[in-house]
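Structural overview
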Amino acid sequence: EIKEDLDNLIRLGLRLESITTDGHKSILKAIRKSVPQVIIQRCLVHIQRMCLLWLTRYPKHQAGQELRQMVLQILKIKTNNDRLFWIREFNQWYERHKDYNFVLERKTQFFFGEWLLRRSYITIKRALPNMFHYLANPKIPNTTNGIEGYFSHLKNHLDLHRGLTTKNRINFIKWYIYFSNEK
């Protein structure tokens, strides 16, 4: 469905410069298939929120405590110097803790906290190439908060009319967007 939506937008003549996404695998795959040349910006809030969830408020391991402090800084990165400093800190964190098996290895005998620490590290490592495009182009949003806020209003209105048939639901969405854009 996501690929089909992207293809429809392109057919309508929309020229995409970038897409800010939460990083879901199906979304990334659809983007690569439909618009491989477009810049993918990972939503920093999603990265931060997931890592903080996995690391917990009070990680038991020193590596978790340090990584949690770094994750809390992600949304404060406003310049290329901030980016370079943060990436250097992340790499230094890895060098300090790479001897611990849970950072490197993929096995099932981890303690639960170690597995979540590894998951946080892998999430950041995979997202890193697409985390900071917004610094080079101020038109690129670094989070999906704006669009999610817009669609939360639509979802609230749809909830009031949850008995609509699929056809009427689609028409409701079209009219909602039409009238929202008229304002």
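Scroll up for the structure.
The following paragraphs examine the structure supplied in this document. Here the residue numbers are simple positions, counted from 1 along each chain's written sequence. Local features are withheld for residues below a pLDDT of 70 in this predicted model, meaning they are given only at 70 or higher, and side-chain atom pairs are given and counted only at 80 or more; totals for whole chains, interfaces and linings count all residues. Computation of side-chain values covers all heavy atoms of the structure but excludes hydrogens and water.

So, about the overall build of the protein chain. Each helix is a run of H or I in the DSSP string that is no shorter than four residues. Each strand is a run of E no shorter than two, and both are numbered from the N terminus. Along the backbone of the protein chain there are nine helices and two strands. Helices (α) and strands (β) of the protein chain occur, in sequence order from the N terminus, as α-β-α-β-α-α-α-α-α-α-α. For the protein chain, the proportion of its 183 residues judged to be buried stands at 34%. Computed with the Shrake-Rupley method and a 1.4 Å probe, the accessible areas treat only the protein chains shown as cover for residues. Roughly 12600 Å² of accessible area belongs to the protein chain as shown, and the carbon and sulfur atoms make up 55% of that amount. Think of it in three bands: with a 1.4 Å probe and only protein chains considered, a residue is buried below 20% of the maximum accessible area for its type, exposed above 50%, and partly exposed in between.

Another aspect to go through is the packing of aromatic side chains. Pairing of aromatic rings covers Phe, Tyr and the six-membered ring of Trp, with a centre-to-centre limit of 6.5 Å; geometry is then stacked below 30 degrees between planes, edge-to-face above 60, and tilted otherwise. Throughout the structure, instances matching the rule amount to 11 aromatic pairs. Judged by centre distance (5.4 Å) and plane angle (10°), the ring pair of Y94 and Y121 falls under stacked. With Y94 in helix α5 (residues 80–97) and Y121 in helix α7 (residues 112–127), this residue pair connects regions lying 27 residues apart in the sequence. The residues Y94 and Y121 share a single accessibility class, namely buried. Ring geometry for Y178 against F179: centres 5.3 Å apart, planes inclined by 70°, an arrangement best described as edge-to-face. Y178 gets classed as partly exposed once you look at its relative accessible area, which sits at 43%. An aromatic cluster is defined as three or more aromatic residues linked by ring pairs; in this entry it consists of W86, F90, W93, Y94, Y121, F132 and Y134.

Let's shift gears to the pairing of strand β1 (residues 18–21). Bridge count between β1 and strand β2 (residues 39–42): four bridges; the pairing is parallel. Paired with I19 across the strands is I40, a residue of β2. Note: two strands are recorded as paired if DSSP finds a minimum of 2 bridges between them.

Let us look at the side chain of T20. Along the chain, T20 falls in strand β1. N or O atoms within 3.5 Å of each other form a polar contact, as long as, within protein, one can give a hydrogen and the other can take it, and as long as residues adjacent in sequence are counted only when both atoms are side-chain atoms. Of note is the side chain of T20, whose polar atom sits 2.8 Å from the backbone oxygen of P141. Contact criterion: two residues are considered in contact whenever any of their non-hydrogen atoms come within 4.5 Å of each other. T20 has contacts with Q41, C43, I140, P141, N142, T143 and T144, leaving out every residue within four places of it along the chain.

Take α5 next. In this model α5 runs 26 Å from its N-terminal to its C-terminal C-alpha over 18 residues, within 8% of the 26 Å that 1.5 Å per residue would give. Within the span of α5, buried status applies to W86, I87, F90, W93, Y94 and H97. Looking straight down α5, one finds its buried side chains confined to an arc of 115°; they lie on one side. A helix is expected to span 1.5 Å for every residue after the first. Our arc is simply the arc of the directions from the helix axis toward the C-beta atoms.

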